[in-house]
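Examination of the molecular architecture
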Amino acid sequence: MRQSIAICGLDCEKCDAYIATKDNDRVLREKTARFWSELNHAPILPEQINCDGCRMDGAKTVFCSSFCEIRKCALAKGFETCGDCTEKDTCSKVGVFWQNNPQAKKNLEVGIYYKREKRYQYVTLRDRPDLKDAAATWFHGKWNVPKEAYLECMEAYLNHETEYGWYLCLDGSRIIGGMGVIENDFHDRKDLSPNVCAVYTEVEYRCQGIAGELLDMVVEDMRSKGITPLYLVTNHTGFYERYGWEFLCLVQGDGEPEMSRMYIHK
């Protein structure tokens, strides 16, 4: 799906705000501001008509950031577009919008199809053992766990001493997302094992489904080896549920004053 399809499904290249920004068209900005002020029953200034597309990296989205409830909702839920949401057909926000803009919904339906053609490469460390040192360095930089600890786990996996794997998402040669599986993720419930750990996506690559793709990959890989259920410690709520994880209990993290949430995937 091209980036100029908005979160709601509108084709940005046909949007006056997008065109005015791209062409730096002062007259079109003023015209659009007047028209949108009437539609939204709120004053919108020409300088707020400033948008490079709400899904573009580093985009200016002055109007959408302030007024668009559809965009706010999708970002809060971690969705790339409304087409990814299981509640889209009953949604009071985008549903009404689609009644007046049926082509926007069709754009997302096409987008869902093309999303299957992955933009990034998803690999296990056994697929790419040459990335061992780079991966250990990357995870260390995100979680401040000693690099040597990651290397020890990775070497055990690569040497087939364990099936607890390591999973990476690559944009070209760059690691942009990853996670692993270990016996215990530094908490007091040693009976809840193994644990998915070190879940991380680079900030500029978030809201594209990368973590969800990796989570599904881990679950499928572990299940194929007879390893189920899996457990995961997090302080997030609402994210992991979208990928089949269920809240199980609270656990005490090593050296942490507050309890953390333990999830299970059966």
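Each remark here, short or long, concerns the structure printed above.
The notes below deal with the structure included here. (Residues numbered from 1 in each chain as written. Predicted model: local features only at pLDDT ≥ 70, side-chain atom pairs only at ≥ 80, totals over all residues. Heavy atoms only, no water.)

**A word on the sheet that holds strand E7 (residues 259–265)**
Here is the rule we go by: Two strands pair if DSSP finds at least two bridges between them. A run of H or I in DSSP becomes a helix once it reaches four residues, and a run of E becomes a strand once it reaches two; helices and strands are each numbered from the N terminus. Note on definitions: angles span 0 to 180 degrees between N-to-C directions of axes, and those axes are lines fitted to C-alpha atoms, for helices only across the stretch in contact.
The strand order across the open sheet formed by seven strands is E1-E2-E3-E4-E5-E7-E6, and the pairing between neighbours is mixed. Looking at strand neighbours, the two that pair on one side only are strand E1 (121–124) and strand E6 (246–252), the edges of this open sheet. Averaged over all neighbouring strand pairs, the angle between strand axes comes to 25 degrees, with direction disregarded. Here strand E3 (residues 174–182) pairs with strand E4 (residues 195–201) via five bridges, running antiparallel.

**So, the environment of arginine 34**
Heads up, the rule is: Buried, partly exposed and exposed residues are distinguished by accessible area as a fraction of the type maximum, computed with a 1.4 Å probe on protein chains only: under 20%, between the cut-offs, and over 50%, respectively.
Along the chain, arginine 34 falls in helix H2 (residues 26–40). By relative accessible area, arginine 34 is classed as exposed at 52%. Residues arginine 34 and leucine 45, 11 residues apart in the sequence, show an inter-C-alpha distance of 8.0 Å.

**Quick word on a nonpolar patch on the surface**
We count it as follows: Residues enter patches when they are more than 30% accessible in relative terms and free of salt bridges; like-charged ones are connected within 9 Å and nonpolar ones (Val, Leu, Ile, Met, Phe, Trp, Tyr) within 5 Å. For every accessible area listed, the method is Shrake-Rupley and the probe measures 1.4 Å; residues are considered covered only by the protein chains on display. Basic side-chain nitrogens of Lys or Arg form a salt bridge, by our definition, when they fall within 4 Å of a carboxyl oxygen of Asp or Glu.
There is a patch of nonpolar side chains on the surface, built from Phe247, Leu250 and Met259 and spanning about 280 Å² of accessible area. With respect to the helices and strands, the residue leucine 250 is situated in strand E6.

**Comments concerning the packing of helix H7 (residues 132–143) against helix H8 (residues 147–158)**
Which entries qualify depends on this criterion: Each angle gets one of four labels, with under 35 degrees taken as roughly parallel, over 145 as roughly antiparallel, 65 to 115 as roughly perpendicular, and the rest as oblique. Put simply, a crossing is left-handed when the front helix is turned counterclockwise from the back one by less than a right angle, and right-handed when it is turned clockwise. Whether two residues are in contact is decided by their heavy atoms: any pair within 4.5 Å suffices.
The geometry of H7 relative to H8 is characterised by a closest axis approach of 9 Å and an angle of 140 degrees between their N-to-C directions. Taken together, the axes of H7 and H8 lie oblique to each other. Crossing geometry of H7 relative to H8 is assigned as right-handed. Contacts between H7 and H8 pair Lys132, Asp133, Ala135, Ala136, Thr137, Phe139, His140 and Trp143 from the former with Lys147, Tyr150, Leu151, Met154, Glu155 and Leu158 from the latter.

**Examining the nonpolar core**
Keep this limit in mind: Throughout, nonpolar core names a set of buried Ala, Val, Leu, Ile, Met, Phe, Trp, Tyr and Cys residues whose side chains join them through atoms within 4.5 Å.
Counting 25 residues, the largest nonpolar core has Val196 and Trp245 as its most contacted members. Counting residues per element, the ones that place at least two in this core are strand E2 (166–171), E3, E4, helix H9 (210–224) and strand E5 (230–234). It is H9 that contributes the most residues to this core, seven residues altogether. Once you skip the residues sitting within four places of it in the chain, valine 196 turns out to touch Met179, Gly180, Val181, Asp185, Leu215, Val218, Leu230, Tyr231, Leu232 and Trp245. Grouped together as the second largest cluster of nonpolar side chains are 19 residues, Leu131, Leu151, Leu170 and Cys197 included.

**Observations regarding helix H1 (residues 16–23)**
Worth spelling out the cut-off: Taken from the helix axis, the directions to the C-beta atoms give the arc we talk about.
Within H1 the residues assigned to the buried category are Ala17, Tyr18, Ala20 and Thr21. What you see down the axis of H1 is that its buried residues fit within an arc of 165 degrees, all on one side. Downstream of H1 by a residue or two, asparagine 24 has a phi angle that is positive, lying close to 50 degrees.

**Remarks on the side chain of asparagine 50**
For clarity, the threshold we go by: For this analysis, a polar contact is any N or O atom pair within 3.5 Å, provided that within protein one partner can donate a hydrogen and the other can accept it, and provided that sequence-adjacent residues contribute only side-chain to side-chain pairs.
Inspection of the secondary structure puts asparagine 50 in the loop between H2 and helix H3 (62–67). A residue is classified by how much of its surface remains accessible, and asparagine 50, at 16% relative accessible area, is buried. At 3.1 Å, the side chain of asparagine 50 forms a polar contact with the side chain of arginine 29.

**Looking at the packing of aromatic side chains**
We apply this condition: To pair, rings of Phe, Tyr and Trp, with the six-membered ring standing in for Trp, must have centres within 6.5 Å; the planes then decide the type, stacked if under 30 degrees apart, edge-to-face if over 60, and tilted in the middle. For a Lys NZ or an Arg CZ to count as sitting over a ring, it must be within 6 Å of the ring centre and within 35 degrees of the ring normal.
Enumeration according to the criterion identifies 11 aromatic pairs in this entry. With 5.0 Å between their ring centres and 80 degrees between their planes, tryptophan 138 and phenylalanine 139 make a pair best called edge-to-face. In this structure phenylalanine 139 comes out as buried when scored by relative accessible area, which is 0%. Relative to tryptophan 166, the ring of phenylalanine 139 has its centre 5.2 Å away and its plane inclined at 65 degrees; by these criteria the two rings are edge-to-face. With a gap of 27 residues between them, phenylalanine 139 in helix H7 and tryptophan 166 in strand E2 connect regions that are remote in the sequence. An identical accessibility class is assigned to phenylalanine 139 and tryptophan 166; each is buried. Among the aromatic residues, ring-to-ring pairing joins Trp138, Phe139, Trp143, Tyr150, Trp166 and Tyr200 into one connected group. Over the aromatic face of phenylalanine 79 sits the side chain of arginine 242, whose NZ or CZ is 4.7 Å from the ring centroid.

**Let's talk about the pairing of E2**
The side chains of a regular strand alternate, first on one face of the sheet and then on the other. With respect to burial, E2 is a largely interior element, five of its six residues being buried. Here E1 runs beside E2; their pairing, made up of four bridges, is antiparallel. Each bridged residue has a counterpart across the sheet, and for threonine 124 the counterpart in E2 is tyrosine 167. In this antiparallel pair of consecutive strands, E2 and E3, the connection spans two residues, and glycine 172 shows a positive phi of 70 degrees.

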